[in-house]
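In case you want the letters, here they are:
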Amino acid sequence: MSRRPLVAGNWKMNGSRDSNANLIHDVIFEVRKYPDVDVLVCPPAVYLDAVGRQLEGSAVQLGAQDLSEQPKTGAYTGEIHGVMLRDVGCTHVIVGHSERRSLYGEGNDKVAQKFATAQECGLIPILCVGETLEQRENGQTESVLAEQLGTVVTACGAQAFKQAVIAYEPVWAIGTGLTATPQQAQDAHAFLRAQLAASDAKIAGLVRILYGGSVKGENAESLFAGPDVDGGLIGGASLKAGEFMSICAAAAAQARSK
Ligand code: 13P
């Protein structure tokens, strides 16, 4: 298997200048142990510039947590354009995180616009998809995932996933301490990859699909075991360098055994 693992830290609305500097200092130092893993941090927008400067010369990449769907800069108070994210050193941007979907009313169409704008700006979107507990219990997991991914495939084409990442984040596992079982994660990832393969098998074989939802050092290796699991999108555990690095170690160990 030729997909390099990716471990991405989504800091959400956490951090301060001091705590960020300490965290990044430790991550840069430790990450050298894992040359076979791509590592990305996604701080709050206000800190991107400073974190990006601190990351210069390191292997750690910078991502944003969101961007405006507007194709052009201009009179959109409070919004942040993808070209600005590029300007401060971002290579990636998260789109469609479940917190944005549920708390800020982002539907599939808006997420697809953000995905498209990100790529037009030269950013790699990390498209988040995932079902709620109610949807899982009602047997709707696959139809929800199919619609979330399908809207973007219809809008942007399967080829767009040549420069994109997918993150499967079951909503019920985010910040709850509950995780999908390794088999549930693998099943969802295989389903997503098969859906993309129906449009373009080559791209589907290349795209990285991350698991997110209460990943920690102690459970990462088993969650990353599935053949279609290519790393993780990490929330709370990405705020502690030691914990984040043990997740990178787990990704490196799994990459060696796949
Ligand atoms: P936790 O790892 O805190 O559950 O968050 C996962 C997540 O939402 C990453 O985007």
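Heads up: the structure comes first, above all this text.
Since this is a predicted model, take the numbers as computed values, not measurements.

Asks: Before we move on, can you summarise the site of the ligand with the specific residues and values?
Replies: Neighbouring the ligand are the residues Asn-10, Lys-12, His-97, Glu-169, Ala-173, Ile-174, Gly-175, Gly-213, Ser-214, Leu-233, Gly-235 and Gly-236. One of the side-chain nitrogen or oxygen atoms of Lys-12 is found 2.8 Å away from an oxygen atom of the ligand. In the environment of the ligand, an oxygen atom lies 2.9 Å from a nitrogen or oxygen atom belonging to the backbone of Gly-235. Considering the ligand on its own, with 310 Å² of exposed area, one finds that the protein chains cover 94% of that surface. Of the residues belonging to the shell around the ligand, the class tally is three nonpolar, seven polar and two charged.

Asks: Pulling in residues and values, what's your account of the pattern of salt bridges?
Replies: This model, assessed by the stated rule, comprises 14 salt bridges. Asp-230 is paired through a salt bridge with Arg-3; the nearest N and O atoms lie 2.9 Å apart. Note that Asp-230 is positioned in the loop between α10 (217–223) and β8 (231–234) and Arg-3 in the segment before β1 (6–10), a separation of 227 residues in sequence. Side by side, Asp-230 and Arg-3 carry an identical accessibility label, which is buried. As a salt-bridge pair, Glu-69 and Lys-110 come within 3.8 Å of each other at their nearest N and O atoms. A residue pair is termed long-range when its members are at least 10 positions apart, and Glu-69 in the loop between β3 (61–64) and α3 (82–87) and Lys-110 in helix α5 (residues 108–120) qualify at 41 residues. The structure contains a network of salt bridges with shared partners spanning Arg-3, Arg-193, Asp-228 and Asp-230.

Asks: Lay out the side chain of Asp-38 with the relevant residues and their values.
Replies: Take Asp-38: it is sitting in strand β2 (residues 38–42). Polar side-chain contacts of Asp-38 include one of 2.7 Å to the side chain of Arg-4. At 2.8 Å, the side chain of Asp-38 and the side chain of Arg-208 are in polar contact. Among all residues touching Asp-38, those that are not within four sequence positions of it are Arg-4, Pro-5, Leu-6, Val-7 and Arg-208.

Asks: How would you explain the pairing of strand β6 (residues 165–168) if you had to name every residue and give the values?
Replies: Judged by which residues are buried, β6 turns out to be covered on both faces: Val-165 and Ala-167 on one side and Ile-166 and Tyr-168 on the other are all buried. Alignment of strand β5 (residues 124–129) against β6, held across four bridges, turns out to be parallel. Bridging from a neighbouring strand, Val-129 pairs with Tyr-168 of β6. For β6 and strand β7 (residues 208–212), the ladder comprises four bridges, and the chain directions are parallel. When the bridges of β7 are listed, Ala-167 appears paired with Leu-210.

The rules behind the values
Residues numbered from 1 in each chain as written. Predicted model: local features only at pLDDT ≥ 70, side-chain atom pairs only at ≥ 80, totals over all residues. Heavy atoms only, no water. Near = heavy atom within 4 Å. Polar contact = N/O pair within 3.5 Å; in protein donor to acceptor, adjacent residues only side chain to side chain. Areas by Shrake-Rupley, 256 points an atom, 1.4 Å probe, with all protein chains shown as cover. Nonpolar A, V, L, I, M, F, W, Y, C, P; charged D, E, K, R; others polar. Salt bridge = Lys/Arg side-chain N within 4 Å of Asp/Glu carboxyl O. Helix = DSSP H or I, 4+ residues; strand = E, 2+ residues; numbered from the N terminus. Buried < 20%, exposed > 50% of the residue type's maximum accessible area, 1.4 Å probe, protein only. Contact = heavy atoms within 4.5 Å. Pairing = 2+ DSSP bridges.

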